[in-house]
Amino acid sequence: MNAESPIGLFDSGVGGLTVFREVSRILPRERLIYLADTARVPYGNRSKETIIRYTLETIPFWEEQNIKLLIVACHTASSHALTLLQENLSIPVIGVIQSGVQKILATTTRGPIGIFATKSTIESGVYQTAISAERPDIQLFSVECPLFVPLVEEGFLNHPATTLIAEHYLQHLQDQHLETALLACTHYPLIRLVIQSVLGSSVALIESAEPTAIAAKTYLEKNNLLNTSFPSNPEFYVTDAPEKFVKLAKYFLSQEVFSLKKIRIQEMIAPCLKNAFS
Ligand code: DGL
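Cut-off values and rules
Residues numbered from 1 in each chain as written. Predicted model: local features only at pLDDT ≥ 70, side-chain atom pairs only at ≥ 80, totals over all residues. Heavy atoms only, no water. Helix = DSSP H or I, 4+ residues; strand = E, 2+ residues; numbered from the N terminus. Pairing = 2+ DSSP bridges. Axes fitted to C-alpha atoms, helices over the stretch in contact; angles between N-to-C directions. Contact = heavy atoms within 4.5 Å.

Undergrad: How would you explain unusual backbone geometry if you had to name every residue and give the values?
TA: Following Val41, the chain continues to Pro42 via a peptide bond in cis, the omega torsion being 0°. Within the secondary structure, Pro42 is located in the loop between strand E2 (32–36) and helix H2 (48–56). Of the consecutive residues Gly111 and Pro112, the connecting peptide bond is found in the cis state with omega at -10°. Here Pro112 shows up in the loop between helix H5 (97–107) and strand E5 (113–117). Even without glycine at this site, His177 takes up a positive phi of about 55°. Of note, His177 is situated in the loop between helix H9 (160–170) and strand E7 (180–183).

Undergrad: Let's hear about the sheet that holds E5: which residues, and what values?
TA: Strands sit in the order E6-E5-E7-E8 across an open sheet of four strands; the sheet is parallel. The open sheet has two edge strands with one neighbour each: strand E6 (140–144) and strand E8 (204–206). Strand after strand, the sheet turns through a mean of 20° between neighbouring axes, direction not considered. Inspection of the sheet shows E7 paired to E8 by three bridges, in the parallel sense. Its bridge partner lying in E8, Thr180 is registered against Ala204. Against the sheet, H5 contacts E5, E7 and E8, and its axis sits at roughly 165° relative to E7.

What follows is the structure, encoded as C-alpha cells:
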C-alpha cells in the first residue's frame, strides 16, 4: 500500500454517501472505493451479532482492494463492529463515532445533548458512554428514529409524512431545552431541515461526515499517505439492485454515479467471526 492506494468507504447502503461527499470534498485527489451492502440494508434494526457478522464478512473484499485506509461510514456498523474490524483487518480503520463525539463535545457548553440514531446504535450505548466519559455532568437524551431511514430512501425529504414522524420522535424534546443534537445516522443529514423545524432553531445540529473526513486527512498526513497525483473516478460496489442505488445516490451526491458493480459478499465462517462471539 502507498499514497496512491485508494481509500475504502463502507456503509450498509446509500446513506454513507453523506460521508463519501465530505471525503471527496476534503481529499479531492484520493481514489475512493465505496461498498454498499444494499442486499442486507438496513443494519439499524438488526441484532448486534448480525451487524458484526455482516460487517466482518466484507473483510475479504477490502483485503483485495489494496486500500490504505477504511472508513466505516455507517454509525450502526461503527457502533458494534469497529473494534473487531480493526482487530481483523490488516488495514487501518476509522469509524464515525469518535469524530462525531469530539465535534459535539467541542460545540456543547452545558447541554443537554440529543443523540438521534438507529435502534441498534442507541442500544449499543457507544455514543452515550463516550460523551458521558468526557462530560458526566451533561444530560443526554437518546432517541431511536427507525422510520427516518426508509423515509429518506423513499425520497420523502421534505414530505409531510417525514414532519409527522419527526414530531412523533422528537417533539417531546422541545421542553428539554437541548443545546445540541447529534445526527448519528448516515441518512439524517438529508432531513436536517425537518428535524430543525421540530426542535426549533436554537438547537445546534451536529453531523459526523465532515469531522470524519478531517480525521481521515489527519491520518493520511501523519503517515505520509496523502495522494498528490491527479484525481481519479470513484468506484462503487453494491450487493444488490444497482439501479436503486443510482437513483437514491442523486439525493446524496450532486454527481452521477458511474463505475458501479454488483458483487456478492460470501458468508464467512472465519476464525475472527468465532472469536467475535466468544
Ligand atoms: N447506515 C446506517 C447508520 O448510519 C443507517 C441505515 C441502516 O440502518 O442500515 O446507522
